[in-house]
Amino acid sequence: MTDNITVGSTEPDTPLPADGYVGDPAARAEWDNRYADRQQLWSGRPNGALVAEVAGLRPGRVLDVGCGEGADAVWLARVGWEVTALDVSGVALERAAGHAREAGLTVRWVHAALTEAALPPASFDLVSAQYPALLRTPDAAAERALLAAVAPGGVLLLVHHAGMDSQQAHDSGFDPADYVWPSMVAALLKDNWEVEVDEQRPRVSPDGGAGAHHTDDLVLRARRLR
């Protein structure tokens, strides 16, 4: 790995693979294969909902969850955010680091699953998860990890494809019941959170890239009060 791509955990008693990745090896392999199959999987431009929702925020520290090839992370860094970007795919992170290097921008890249990463708690002014493939667990680990990363006064922005959560399981192996959707995160928001946006809206999508056929977004934006 290059460009300050860090390991996902700093616990001394956690066994680490040779490249430092922390998380499910099967998930890493699945996403590495998806990225390796194409020279570019996504559009290379920042997600429209992110651009719209961040426009009124003062730049601070941001966590980009499931950063992929880095378009959102690079855009956030360019407009003044201090970016930490996380993904399970080393292939994607190498591409993302290259894009940041070409742009002359600094991003901290973390090769880990969200639930395994050693992230400083309650320390990000913005936690952005754009169409994340977060696996659902009985203890709601991914949902709680998203919330735990947000600093008091900070914002969680979760965007997903509308309608996917109600689809039937596919022959391809995709089952919506296996994944975390915005409604599941919203259900965990207590009195110390204020929901600022919770709606379905037409997607402002970059041209090209996987997922471009989805027309509507689910947008959840919530601010941590304390």
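Anything mentioned here points back to the structure above.
J.: Can you walk me through the packing of aromatic side chains in this structure?
T.: Between two aromatic rings, the relevant description is the distance of the centres plus the angle of the planes. Scanning the entire structure with this criterion turns up one aromatic pair. Between Trp31 and Tyr35 the ring centres are 6.2 Å apart and the planes differ by 40 degrees, which places this aromatic pair in the tilted class. With Trp31 and Tyr35 both in helix 1 (residues 25-36), this residue pair falls four residues apart, about one helical turn. Considered together, Trp31 and Tyr35 belong to a single accessibility category, that of buried residues. A cation over a ring is seen here: Arg61 above Phe124, with NZ or CZ 5.1 Å from the ring centre.

J.: I keep staring at the side chain of Arg201 and nothing clicks. Help me out?
T.: In this fold, Arg201 is placed in strand 7 (residues 193-202). Note on Arg201: relative accessible area 18%, which makes it buried. Side chain to side chain, Arg201 and Glu53 meet in a polar contact 2.8 Å long. A distance of 2.9 Å separates polar atoms of two side chains, one belonging to Arg201 and the other to Glu199. In this view, Arg201 contacts Glu53, Thr215, Asp216, Asp217 and Val219; residues no more than four positions away in its chain are not counted.

J.: Which parts of the structure should I look at to understand the packing of helix 1 against helix 4 (residues 90-103)?
T.: In the contact formed by helix 1 and helix 4, the axes pass within 7 Å of each other and the chain directions differ by 50 degrees. One element, helix 1, and the other, helix 4, form an angle in the oblique class. Contacts between helix 1 and helix 4 involve Asp32, Tyr35 and Ala36 from the former and Gly90, Val91, Ala92 and Arg95 from the latter.

The rules we used
- Residues numbered from 1 in each chain as written.
- Predicted model: local features only at pLDDT ≥ 70, side-chain atom pairs only at ≥ 80, totals over all residues.
- Heavy atoms only, no water.
- Phe/Tyr/Trp six-rings, centres within 6.5 Å; stacked < 30°, edge-to-face > 60°.
- Helix = DSSP H or I, 4+ residues; strand = E, 2+ residues; numbered from the N terminus.
- Buried < 20%, exposed > 50% of the residue type's maximum accessible area, 1.4 Å probe, protein only.
- Lys NZ or Arg CZ within 6 Å of the ring centre and 35° of its normal.
- Polar contact = N/O pair within 3.5 Å; in protein donor to acceptor, adjacent residues only side chain to side chain.
- Contact = heavy atoms within 4.5 Å.
- Axes fitted to C-alpha atoms, helices over the stretch in contact; angles between N-to-C directions.
- Parallel < 35°, antiparallel > 145°, perpendicular 65-115°, else oblique.

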